[in-house]
Amino acid sequence: MRRSVKLAAVVLSGSLGIASLAACGAKSTSTSSSAAGGSGLKVGMAYDVGGRGDQGFNDSAAAGLDKAKSQFNITTNEAEAKPGESDSDKQSRLEQLVNAGYNPVIAVGFVYQSAVEKVAKEHPNTKFAIIDSDSPTQPSNVTSLEFTEQQSSYLAGIAAALKTQKKQVGFIGGVQSELIKKFEAGYRAGVASVDPNIKVDVTYLTTPPDFTGFSDPAKGKSAAQGQLDKGDDVIYAAAGASGTGAIQAVAAKQGAWVIGVDSDQAKQTALSAYKNSILTSAVKNVDTAVFSYIQSVKNGTPETGVQRFDLKSGGVGLATTGGHIDDIKAKLDAATQQIVSGATQIPTAPPAG
Amino acid sequence: MANHDINLTVRTGTVHALMGENGAGKSTLMKILYGMQKPDEGTITINGEQVEFATPGDAITRGIGMVHQHFMLADNLTVLENVVLGSEKLYGIGARAKAKIKEISDQYGLGVRPDALVEDLGVADRQRVEILKVLYRGARILILDEPTAVLVPQEVDALFDNLRDLKSEGVTVIFISHKLHEVLSVADAISVIRRGTTVGDADPGSVTARELAELMVGSELPSPESRESTVTDVEMLKVEGLRIAKADAEGIERVVLDDVSLTIRKGEILGVAGVEGNGQAELVEAIMGMLPLDAGTVVLDGQDLTGKLTRARREAGIGYVPEDRHRHGLLLEAPLWENRILGHVTETPNSKGFVLDPAAARRDTERIVREYDVRTPGIEVTAASLSGGNQQKLIVGREMSHNPKLLIAAHPTRGVDVGAQAQIWGQIRAAQQEGLAVLLISADLDELIGLSDTIRVIYRGRLVADADPATVTAEDLGTAMTGAAAGRIESADEALAEAAVVAEAAAVVEDAAAAEAAVAAEGAAVTEAAAVTEDAGTAEAAVAAEGAAVTEGAAATAAVTEDAVVAEDVPGEDATTTDTAGDDAQAGE
Amino acid sequence: MTTSTEPSPGLGLGGAPRRGRFQRIDRERLLLAIAAPVLAVVIAFAISSLLLAISGKDPFQAFSLMGNYGLGTSDGQVAVLNKATTYYIAGVAVAFGFRMNLFNIGADGQYRLAALFAAFVGGAVNLPSFIEIPLVLITAMLVGGLWAAIAGVLKVTRGVSEVISTIMLNAITTGVIGLLLVPGRFVPSVGGGGSSNSVQTKMMAPSSDFFTLNTQGGQLYGFIIVAVLIGVLFQLVLSRTRFGFDLRATGRSEEAAGASGVNVKRMVLTSMCISGALAGLIGMPDLLSADTGHYFGQSFQAGVGFTGIAIALLGRNTPVGIAFAALLWAFLDATNGQLSTNNYPPEIANVMQGTIVICVVVAYELVRRFGLKRQQQKVGAQLAAQAAAAAKKEVAA
């Protein structure tokens, strides 16, 4: 037994030793927090995996931050998530930003929900914003910035229904998550509002927890190819970076249209070669939301609670680049009117099954 | 043993047989000639020119080609593709290559079809492809490593015809074998290797099989002396109707054990003689429970073990000295005391209940080291750092420490130095006197004859013959091992008497061997003998390797430090003589 | 077993002088064993310094940032220790298989599936802590073990390499979780309100809180004690039990173990199950801590199983080695956030981790061969010296 006991003792005392050490170091918190006052607003931003430069969601948030930076006298700091990290990693990322005196701190993506809640409770004097998510338990210093993706998707559905020749359209979702299901629901409803007999093919690239469906253009390409082969001639790709693959596939086929997502994809330089196939894009103006939030904090009247960015406020909409939907503008405008007025209610979940 | 003081001279245009038991060092020597291994000392001369090979490539450019025991052909390629593979530069890969293959095939009567798929060919055809492959690369000296091991008799005759054709075209063939009759029928000259050194050359025209066998197994080495019988009439092991069929690499089902029945009584040593690969290993593994049986029963001391697992069989009282101690007997990288536990982890003193008792195991290891004369600086060193003989003594000591009812000893003294050999024999005999039953598998016929109370001969998975060691000679036993004789073998009185004389002489040597100092003298004598037989300066020498002292490097973990062996086995001998565990050579076979 | 290099007091064969020589061998082996990982870490630091320097950043500044946070601040220390706890369990789970040459690449899938089921079971009941926590832990170990057993059964009955099957099972795990982690199955159909896009199992009751140590730097996982106990148990089982001996023997030489009476097939199955059961615990510190969890969501940490492989390799499959490796890994992971907030490329920590693994694998093999050869030489030299001494005595006599 001797040696094992010795060994155990070493390990135990070692670990406890380190544990007690943990109690003696100074905490890295800079106690001189609650800064914010005066001219220099310090804005911290925590991205989801991909970070700045992902050509999508994170980039859009970054654009809003950049815009705020150029207009106001603010300092910024950004950090991004690693694939396969734990909730505590997200917490410590937020905490590091808070401890460095950043206020407000903006978390990009619903994955931050529980981390934001936790950190916000510990730092009531710091303001937080989280994009795409809210929860009834979040404290009052957390602001949710949300979008009515189903509305823009509804319009995309109308456009698709009006443009299809074969009465068959497609939907490609990146990951079968609650968020993307909202896109699907709106799109289906939009198509059905024009002609209930138009068939909608739905393909999801992956199911959670596999989130590669947002970042794998090859998957998007083969899914789009499959739908084209089935005879779909308008495809709505709500699949993040995977959507570029779908756009490539559709562009290779004469007479087929693709609808982009999140930002105006026809304007993206990487996709300029395919812009003549991009019918429109269901734009989600994360940048606007971020900018408006920072502006509200700057002005001393911070947005609180759940901020919804909808069709009415210009938070979501259809892009008109290329003029491919100019001919159906009247119908789209009418539908927009109906939504804004509340006459049209759009489901947020696709029909079961 | 590593090779040392090997002298071999081969004349151009002859078939030169190289004989020796498994583990004698033949394969190591061939590896040196083929550039797969570098000698520590000595020279290789081809046509009067001294050469050095760093790689097989060097050997090939010098016109040496090797046909390995295990074919190195890609099944899914054609003969043509296999032949040109790696030698595309010679004649391209198309029509020119095919023409060349045809030409070689016709020239030597090989009958090879270049477009056939290798997977469709039989063993003999594959072998001819291998030979052609070597000739295609321009070889003038061919090394064939145990080419007949995989062939049936008719195919062997066909191969020998091919060899004669090759010879008549001026190709030199070095033919490795341990089968006496084959060698006598095809060779023009014979060299015999034993324990890593050349012990003599023979002329096949004048030498008898018996003389060859003597040279090979070394009758002049100590052989176990005869003594009073301790056989009782209590049956200890009863094996009935064992049958095992295995699918070989080609997918053909082969019966490796066929209706094998044997009985060993208390105090009896049953020897099983046979050419390697005739089912001995499977017989042992079947009794140990390591191979599933297709039919048959194994009963030990009245207890039916047929369905039992290996551990239960060991607990029931079977001790096991495996044929390949590195593979089956030891954990090479574990300390000696852990090796002492191996195989007996459930028994005292190694464990109490489910918990190990390392302290007791260590104490008992010290005892084994002391009682069985294991030469080691301590019990914390790894098993790999001991010499082969000391590893084997540790295994024997371990197995004997649990009072086995039956000891299975497979080649217990293979690759073991002379001193350890005598000790191991002594220990087996001592245990036998106390009622131990022993199943002895050996390729050393003298060991078998000297130690056994009964001998059975195994041939192609069947026990075909039996003999009383008192009335049989090694030569007749050798004949039975080739399947040429069956039933009860008894040798002529004349031959027996002759053998007795040899045995007597050997007994003298054995006495001397017990004293360690004598070992050196014996070693010296062998060297002297080799020097005498060394062919004095043949001008047309094709290959001559002289005084090649070799250390096996391939199995580094198994290797024993040279110093250790020198110190142990041959004190006072030239310190530059290097030596390794014999198992290395075995591994090469 | 490299940890068992210390000389036994029971070694009385040759008296004092020889024992002294022995200790020297052992000290040397110990030194060699430590040399390899240290060398690997140094090389990794050198390479990442070079990379930082090339990209125009001051490497020393970067390392001091990491060091200051991870070692100098209390919250950094807690972050490192909490991470190390998870990593340690992962390392031990993988090492258990490695000790018998079984490459359980599937720890990743095993722990994720185990955590999902554990969270589901834990969320479905509301029991006092002393029942709730064991229930959750047992569920996790059971699911992890059974999931790993699939690979074990395939290997034993069909000869499928466990490397292939566990990799495949990892992919299948992701699919299975996707299938189960939907509203109506493992996720309550009526969510907690709000429009959070994240999907997660029902929150477990507060009684499932495993105790935490309150330190100045935040909550330290009480699970760290469990991790230590696992390490101690691991060592005890391996070095002191018949089962452990069989396992190590099988790892060293499957054939020798088979000949010695080990039922290799059963051994494969058993150790695969145990490895999987241990892997099932990987997600538990997170799941049982009120800080981070009490639920399994789509963003539940993935990939720790693979981290465990690296850590087991680095720690040479010994409990103490794995502890150091887990701490180092946790340090690199926990502190790289400091890099990105200070405008250093955070990838540098990943580069270091990768370099360490590659260097350490190479270094261990070199050291192993060197050590073996050296020991053989020493034994030879000692025996020769003994023989010479004996001969001299004879001459004198």
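Basis of the calculations
Residues numbered from 1 in each chain as written. Chains lettered and ligands numbered in written order. Predicted model: local features only at pLDDT ≥ 70, side-chain atom pairs only at ≥ 80, totals over all residues. Helix = DSSP H or I, 4+ residues; strand = E, 2+ residues; numbered from the N terminus. Buried ≥ 20, exposed ≤ 12 C-beta atoms within 10 Å, placed from the backbone. Contact = placed C-beta atoms within 7 Å. Pairing = 2+ DSSP bridges. Axes fitted to C-alpha atoms, helices over the stretch in contact; angles between N-to-C directions. Core = buried A, V, L, I, M, F, W, Y, C linked by C-beta atoms within 7 Å. Domains from an automatic or database assignment. Nonpolar A, V, L, I, M, F, W, Y, C, P; charged D, E, K, R; others polar. Right-handed = clockwise from strand over helix to strand, strands pointing away. Parallel < 35°, antiparallel > 145°, perpendicular 65-115°, else oblique. Left-handed = near helix turned anticlockwise from the far one by under 90°. Expected span 1.5 Å × (residues − 1). Arc of directions from axis to C-beta. pLDDT = per-residue confidence, 0-100.

**Q** Before we go on, may I ask you to explain the overall build of chain A in this structure?
**A** Looking only at helices and strands, chain A has ten helices and twelve strands in total. Sorting the 353 residues of chain A into buried and exposed places 55% on the buried side. Nonlocal contacts in chain A, meaning residues at least 24 apart in sequence, comprise 68% of its contacts between residues at least 6 apart.

**Q** Looking at this structure, I do not really get the overall build of chain C. What am I missing?
**A** Per the secondary structure count, chain C includes 14 helices and two strands. Of all intrachain contacts in chain C linking residues separated by at least 6 positions in sequence, the fraction that spans at least 24 positions is 76%.

**Q** What is the right way to look at the sheet that holds strand β22 (residues 487-489) of chain B in this model?
**A** Whether parallel or antiparallel, the strands of a sheet pair through hydrogen bonds between backbone atoms. Residues and elements named next belong to chain B. Ordered in space as β15-β18-β19-β12-β20-β21-β22, the seven strands form an open sheet in which the pairing is mixed. Edge positions in the sheet fall to β15 (318-321) and β22, since each of these pairs with one other strand and no more. Ignoring which end each strand starts from, the neighbouring axes of this sheet average 25° apart. Here strand β12 (residues 269-273) pairs with strand β20 (residues 454-459) via four bridges, running parallel. Pairing of G271 across the sheet is with I455, part of β20. Helix α15 (residues 388-400) rests against β15 and β18 (406-410) of the sheet, and its axis sits at about 175° to β15.

**Q** Would you mind showing me how to read the sheet that holds strand β11 (residues 253-265) of chain B here?
**A** Residues and elements named next belong to chain B. In spatial order, the strands read β11-β10-β13-β14; together these four strands make up an open sheet with antiparallel pairing. Edge positions in the sheet fall to β11 and β14 (303-304), since each has one partner strand and no second. Set on the sheet, helix α10 (residues 280-288) makes contact with β10 (235-247), β11 and β13 (295-300); between it and β11 the angle comes to about 65°.

**Q** Mind showing me how you'd approach the nonpolar core here?
**A** Note that soluble globular proteins tend to have their nonpolar side chains buried in a common cluster. Counting residues in hydrophobic clusters, the biggest one holds 195 residues, and the most contacted among them are I408, V457 and L477 of chain B together with A326 of chain C. The greatest single-element share of this core, amounting to 15 residues, is contributed by helix α3 (residues 74-98) of chain C. Once you skip the residues sitting within four places of it in the chain, L477 of chain B turns out to touch A273, L445, I455, V457, A467, V472 and I489 of chain B. Residues I172, L179, A223 and I235 of chain A belong to the second largest nonpolar core, which totals 98 residues.

**Q** Explain unusual backbone geometry here, please?
**A** Among all residues save glycine, negative phi is the norm, and among peptide bonds the norm is trans. In this model, N103 of chain A is joined to P104 of chain A through a cis peptide bond whose omega is 10°. With respect to the helices and strands, the residue P104 of chain A is situated in the loop between α3 (87-99) and β3 (105-107). Cis peptide bonds are those with omega within 30 degrees of zero, and the linkage from T348 of chain B to P349 of chain B qualifies with 0°. If you trace the backbone, P349 of chain B turns up in the loop between α13 (336-341) and β16 (351-352). We note that D259 of chain B has phi near 50°; this positive angle belongs to a residue other than glycine. Secondary-structure assignment places D259 of chain B in strand β11.

**Q** Please clarify how the domain arrangement of chain A should be interpreted in this entry.
**A** Residues and elements named next belong to chain A. Entries for chain A in the domain assignment read domain 1 (41-147) and domain 2 (149-284 + 320-341). A straight line from the C-alpha centre of domain 1 to that of domain 2 covers 29 Å. Residue composition of the side of domain 1 that touches domain 2, grouped by class: three nonpolar, four polar and two charged.

**Q** Honestly, the pairing of strand β2 (residues 218-221) of chain C in this entry has me stumped. Any pointers?
**A** Within a regular beta strand, the side chains point alternately toward one face of the sheet and then the other, so they alternate between its two faces. Residue and element names in this part refer to chain C. Sheet topology places strand β1 (residues 212-215) next to β2; four bridges connect them, and they run antiparallel. Bridge pairing links T212 to Y221 in β2. Remark: two residues form the turn of the hairpin made by β1 and β2, two consecutive strands paired antiparallel.

**Q** Sorry, what's going on with the pairing of strand β6 (residues 168-175) of chain A here?
**A** All names here are of chain A. Here β6 lies mainly inside the structure; seven of its eight residues are buried. Regarding topology, helix α6 (residues 178-194) serves as the crossover connection from β6 to the parallel strand β7 (residues 199-206), and that connection is right-handed. Relative to strand β8 (residues 234-238), β6 runs parallel, the two sharing five bridges. Across the sheet, the residue bridging to G173 is A238, located in β8.

**Q** What should I look at first to understand the packing of helix α12 (residues 304-314) of chain C against helix α13 (residues 319-341) of chain C in this one?
**A** Between two packed helices, what matters for the description is the angle formed by their axes and the separation of those axes. All names here are of chain C. One can describe the packing of α12 onto α13 by two numbers: an axis separation of 8 Å at closest approach and a directional angle of 130°. Put simply, α12 runs oblique to α13. Considering only the axes of α12 and α13, their crossing is right-handed. Mapping the contact onto sequence places T307, I311, A312 and L314 in α12 and I322, A325, A326 and W329 in α13.

**Q** Whenever I open this one, helix α2 (residues 59-72) of chain C confuses me. Can you help?
**A** Every α-helix carries 3.6 residues per turn, so stepping three or four residues along brings you back to the same face. Residues and elements named next belong to chain C. Helix length check: α2, at 14 residues, gives a terminal C-alpha distance of 18 Å against a target of 20 Å (1.5 Å per residue), a fit within 8%. Every buried residue of α2 is listed here: A62, M66, Y69 and G70. For α2, the angular spread of buried residues about the axis comes to 90°, placing them on one side. For α2, exposure combined with an orientation more than 90 degrees from the buried face picks out F60, Q61 and S64.

**Q** Is there a simple way to explain the environment of K83 of chain C in this structure?
**A** All names here are of chain C. By the secondary structure assignment, K83 is in helix α3. On the basis of neighbour counts, which here come to 26 C-beta atoms within 10 Å, the residue K83 falls in the buried class. Put simply, K83 and I224 are 141 residues apart on the chain and 9.7 Å apart in space, counted from C-alpha to C-alpha.

**Q** Quick question: what am I supposed to make of helix α5 (residues 129-158) of chain C here?
**A** Between its first and last C-alpha atoms α5 of chain C spans 43 Å; for 30 residues at 1.5 Å apiece the expected length is 44 Å, and the two agree. Of the residues flanking the end of α5 of chain C, it is G159 of chain C, one or two places downstream, whose phi is positive at about 70°.

**Q** What should I look at first to understand the confidence of the model for chain C in this one?
**A** As a note on interpretation, predicted positions should not be read in detail where pLDDT is low. Confidence along chain C averages 84 in pLDDT terms, with 88% of residues attaining 70 or more. The ipTM value of the predicted complex is 0.82, and its pTM value is 0.74.

**Q** Which parts of the structure should I look at to understand the environment of G40 of chain A?
**A** All names here are of chain A. Relative to the helices and strands, G40 resides in the loop between α1 (2-22) and β1 (41-47). On the neighbour-count criterion, G40 (12 C-beta atoms within 10 Å) is exposed. For the pair G40 and E122, spaced 82 residues apart in sequence, the C-alpha separation works out to 24 Å. Excluding residues that lie within four positions of it along the chain, G40 makes contacts with N73, I74 and T75.

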